[in-house]
Amino acid sequence: MKELYSQCLEKINANPGKELWHTYGTLMYTTQGYELGDTPAKYFQEGVFPAFKISGEALIENYEVENEGCALCSVICGHRVRGVKMEYESIGSLGSTLGIYDLDYILDLTHICNEMGMDSISAGVSLGFAMYLSEKGVLKDGVQWGNGKRAIEVLRSVAFREGLGDLIAEGTLRMAQRLGIDPEEAACVKGLEIPMHDPRAFSMQALCYATGIRGACHMRSDYFTVDIAAAPIPEIGVVPTDRFEESEEKVKMTVNHQNAKEVLNSGVICMLGIFDINDLCAFYSAITGKEVRPQDIVALGEKSFMLKRMLNLKLGMSKEHEKLPQVILRPLKRGGTGGFVPNIQKTLKIYYSIRGISEDGYPTQDKLSQIGIEDLVR
Amino acid sequence: MTVKAVLSALQFRKVLPHTERTLEISLPDNSTVKYVVQKLSEKVGIDIEELLKSKKVVIILKNRVLQYEEEADHKLSEGESLIFINPLIGG
């Protein structure tokens, strides 16, 4: 293990991203994500906005930043300003999603989420939904795009479940249900709010959201990282291609990626793409004494994924939940998505076939037998 | 012909203000990616080819990552966009 740790440290130090992550934090992605249409704005309804104002560059130019890292890591990518940890997801969900481009307000909003124990993605997107509904006149005493002062007031009220905050605290899906409006307007999948990677920017990220075990999660899997060449896994055939491609080959790569990420996430390993699947195999072997190769990781991940899927099905999930809401399927006239809208019906059909899932959403008996969990699900 | 270059990779921060990182470039017809990279390198004073070869920077062209080593001679068309990014993620 000591030898492996030394090797990993060497790998971290040699990574070309080390200096950039250290200097700009994960906010370094904001302007890049913007150019690709990946960073959303105004509740996923706008593709052009002043991204630079909420970028890593703007943060270090205007604030005193304190670096903070994970134990034993030499990248030290964490950025604290006035004691508040600033991350790309929070900048997007509490900034551009709300039409707020003033870092002072975003810092305060992030601070409220951190102190009150609220997830910044779900809180931000739900607040964005309230702004969207206010603009449409559904909410009378609502909250307007870009009004940082009012957003702070409302976000606090979410934590204490007061007034409008009591509604927003429910999250987008239940907000829609309580207000009696079309749930297709709620930017969530399986009740989980869509994070700061627009599914119209990467066709397979869209598929990952639709099929994600916990819904629209950008971690399982973060397929967009493949198509920008940040973290491909060539050992299992997962390589960058056209980000809008929806072929069978691409869906196969996505299934492999989802499976591999199941194991990577279980390992509590950095997701920035510094470590590859060979490192994962080496650590897995060193810890368990069992030699594994990249393909074994995929097989392990498949078992994990299917077990969780079976649990979801047992708890009431159905194939009807595996879709994206209409609010996210409207083409954006401007910005980096170029008007692309993922064809989830098409890719989902291919996905089910590759995964060995029947039309009713349940894995086939053959598939369960093949991965060795047929006894567990009886 | 004219193509657009978006210099979003952070290496350009040191030499260009953010307002000047999207450039319209006039080129002879049938110009290659390599030619644009050379022109841009001269303009901004950075060896962009080295950044591409070392994979510190990649180009997104027609919605996919261009494999510079193999596709440097790819001929560009009128109105195409080359987005220069760092192959890195945030989260």
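Some remarks on the domain arrangement of chain A
Residue and element names in this part refer to chain A. Partitioning chain A into domains gives domain 1 (18-197) and domain 2 (200-323 + 343-378). Averaged C-alpha coordinates put domain 1 and domain 2 at centres separated by 27 Å. Contact residues are listed per partner, giving 13 residues for domain 1 and 15 residues for domain 2. Secondary structure elements with two or more residues in the side of domain 1 that touches domain 2: strand E4 (188-189) and strand E5 (192-193). Each residue belonging to the side of domain 1 that touches domain 2 can be placed in one class, and the counts come to seven nonpolar, three polar and three charged.

Looking at the sheet that holds strand E5 (residues 81-85) of chain B
Residue and element names in this part refer to chain B. Within the open sheet, the five strands sit side by side as E2-E1-E5-E3-E4. Their pairing is mixed. Sheet topology places strand E2 (22-26) and strand E4 (64-66) at the edges, where each strand pairs with a single neighbour. Here the strands of the sheet are splayed against their neighbours by 30° on average, with no regard to which way each runs. Relative to E5, strand E3 (residues 58-61) is paired through four bridges, and the arrangement is antiparallel. Looking at E5, one finds that Ile60 is bridged to Ile83. Across the sheet, helix H1 (residues 33-44) is in contact with strand E1 (2-7), E2, E3, E4 and E5; its angle to E1 comes to roughly 60°.

Brief notes about the sheet that holds strand E3 (residues 84-86) of chain A
Neighbouring strands of a sheet are bound in pairs by backbone hydrogen bonds; such pairs are parallel or else antiparallel. Residue and element names in this part refer to chain A. The sheet built from three strands is open, its strands ordered E1-E2-E3 with antiparallel pairing. Strands with a single pairing partner mark the edges of an open sheet, and in this sheet they are strand E1 (66-68) and E3. The mean angle between the axes of side-by-side strands here comes to 40°, regardless of whether they run parallel or antiparallel. Note that E1 and strand E2 (residues 78-81) share three bridges and pair antiparallel. Its bridge partner being in E2, Glu66 is matched across the sheet by Arg80. Sheet strands in contact with helix H6 (residues 103-116) are E2 and E3, and its direction is about 110° off that of E3.

Quick look at the nonpolar core
Counting residues in hydrophobic clusters, the biggest one holds 121 residues, and the most contacted among them are A:Leu127, A:Phe129, A:Ala187, B:Ile59 and B:Phe84. Among the elements that make up this core, the one with the highest residue count is helix H7 (residues 120-135) of chain A (nine residues). Inspection of this core shows a minimum of three residues originating in each of domain 1 (18-197) and domain 2 (200-323 + 343-378) of chain A. Apart from the residues within four sequence positions on either side, A:Ala187 is in contact with A:Tyr43, A:Phe44, A:Val125, A:Phe129, A:Thr172, A:Glu193, A:Ile194, A:Pro325, A:Val327 and A:Ile328.

What about helix H8 (residues 148-159) of chain A?
Residues and elements named next belong to chain A. Relative to the 16 Å expected for twelve residues at 1.5 Å per residue, H8 spans 17 Å between its end C-alpha atoms, a close match to the ideal helical length. Burial in H8 covers these residues: Ala151, Val154, Leu155 and Val158. The arc enclosing the buried residues of H8, seen along the axis, measures out at 105°, which places them on a common side. Elements that come into contact with the buried residues of H8 comprise H6, H7 and helix H9 (164-168). Where H8 ends, the next residue or the one after it, Arg161, has phi of about 50°, a positive value.

With respect to the environment of A:Val263
All names here are of chain A. Residue position: Val263 is located in helix H13 (residues 248-266). For Val263, a count of 24 C-beta atoms within 10 Å corresponds to the buried category. For the pair Val263 and Glu184, spaced 79 residues apart in the sequence, the C-alpha separation amounts to 32 Å.

Scoring rules and cut-offs
Residues numbered from 1 in each chain as written. Chains lettered and ligands numbered in written order. Predicted model: local features only at pLDDT ≥ 70, side-chain atom pairs only at ≥ 80, totals over all residues. Domains from an automatic or database assignment. Contact = placed C-beta atoms within 7 Å. Helix = DSSP H or I, 4+ residues; strand = E, 2+ residues; numbered from the N terminus. Nonpolar A, V, L, I, M, F, W, Y, C, P; charged D, E, K, R; others polar. Pairing = 2+ DSSP bridges. Axes fitted to C-alpha atoms, helices over the stretch in contact; angles between N-to-C directions. Core = buried A, V, L, I, M, F, W, Y, C linked by C-beta atoms within 7 Å. Buried ≥ 20, exposed ≤ 12 C-beta atoms within 10 Å, placed from the backbone. Expected span 1.5 Å × (residues − 1). Arc of directions from axis to C-beta.

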